[in-house]
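Observations on the three-dimensional arrangement
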Amino acid sequence: MLAATELLIGLLLLYFGAEWFIKGAAGLGHRLGVRPLVIGLTVVAYGTSMPELVVSGVAALEGRGAMAVANIIGSNIANLGLILGITVVISPLAVSGTLIRRELPLLVLVTVVLPVVLYDGRVTRLDALLLLGGALLFTIATLRSGLERETEEVAALMESDVEAIGAPRGAGKLPLAAIALTGLVLLLFGGRLFVAGAASLAVLLGMSERVVGLTVVAVGTSMPELAASVVAALRNHASIALGNVIGSNIFNVLFVLGGAGALRTLEHPLAGLRSELVVLFALTAYTALLVRSRRTITRLEGAVLLLAYAAFLALLAAGR
């Protein structure tokens, strides 16, 4: 009962902490004269990855390397199988040419890099710094490309996105900074509670921290992406959801794994990750095939993603 309570309260704090952090930071950026496009490509992108970063960071500091690494891999699997699957089933989406040229190759690259980094069973601080450097380069390249290609239509879309996240437009700089700081504090407390609850749940159910990280923790920390993608699909902006999912998977490897590894060396044998990495590669390859086809991704293809995720859960339940 205590484990479930810690998980629930931790999840709520993570969700609202991320919401407040993004709202406050986006509103503050607007007050400082930062363009909506820049806010969307930085504050919103990094903000939605904060739950994964906080949970993996807390797990790393507590010596739970298996949970930290499993959270990242599990979140990427959930993004492609569960979140993208639900989004496409709600609203079939048309693929953007820019996404094919820029984000898709990087998604495939970081997925391949993941087992390379984990090959020796450790994510050292040097590995972490290289990953964080990659996150910085990706952000700079995305900003430069976005600003160079910005049109009135894109600017208006990003403006509406910033408004959609509820950034307070009339508040002063100090209240906005306070909202962002409060969100960050909630994230930190929520992360500690969530990790404690997940660890207790693992003991209670006789499950390994790896399995809990791949399932409960991964889905819990992916809630911001799930909420944003479902809302986008219901508003007939499913293509935004595809960009969010692919961008999130890139950030999870570069920013989240890099951030957690920078706090403390993560220990997790590569052999113990074989099945989930195979699933991640398969889902990434399938998604890349759909995106490269330059056509609408159908509800049937979305259903295949959902079925693949269900099969992954069944595989874990079978103890393989």
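Further up the page is the structure itself.
Here's what I pulled together on the structure shown here. Computed from a predicted structure; not experimentally measured. (Residues numbered from 1 in each chain as written. Predicted model: local features only at pLDDT ≥ 70, side-chain atom pairs only at ≥ 80, totals over all residues. Heavy atoms only, no water.)

With that out of the way, let us pick up the environment of Glu103. Mapped onto the elements of the fold, Glu103 is located in helix H5 (residues 97-117). Among the residues examined, Glu103 registers a relative accessible area of 9% and is labelled buried. For Glu103 and Ile250, which are 147 residues apart along the polypeptide, the C-alpha to C-alpha distance reads 8.4 Å. (Helix = DSSP H or I, 4+ residues; strand = E, 2+ residues; numbered from the N terminus. Buried < 20%, exposed > 50% of the residue type's maximum accessible area, 1.4 Å probe, protein only.)

At a closest axis distance of 7 Å, the pairing of helix H4 (residues 65-90) and helix H9 (residues 209-221) adopts a crossing angle of 50°. On the basis of their axis angle, the class for H4 and H9 is oblique. The handedness of the crossing between H4 and H9 is right-handed. Taking contact as the criterion, the partners of Ala66, Met67, Ala70, Asn71, Ile73, Gly74, Ser75 and Leu82 in H4 are, on H9, Glu209, Arg210, Gly213, Leu214, Val217, Ala218, Val219 and Thr221. The residue makeup of the contact of H4 with H9, split by class, is 9 nonpolar, 5 polar and 2 charged. (Axes fitted to C-alpha atoms, helices over the stretch in contact; angles between N-to-C directions. Parallel < 35°, antiparallel > 145°, perpendicular 65-115°, else oblique. Left-handed = near helix turned anticlockwise from the far one by under 90°. Contact = heavy atoms within 4.5 Å. Nonpolar A, V, L, I, M, F, W, Y, C, P; charged D, E, K, R; others polar.)

Looking now at helix H10 (residues 223-234). End to end, H10 covers 16 Å across 12 residues, agreeing with the expected 16 Å (1.5 Å per residue, within 8%). Every buried residue of H10 is accounted for by Pro224, Glu225, Leu226, Ser229, Ala232 and Ala233. Positive phi appears at Asn236, one or two residues downstream of H10, with a value of about 65°. (Expected span 1.5 Å × (residues − 1).)

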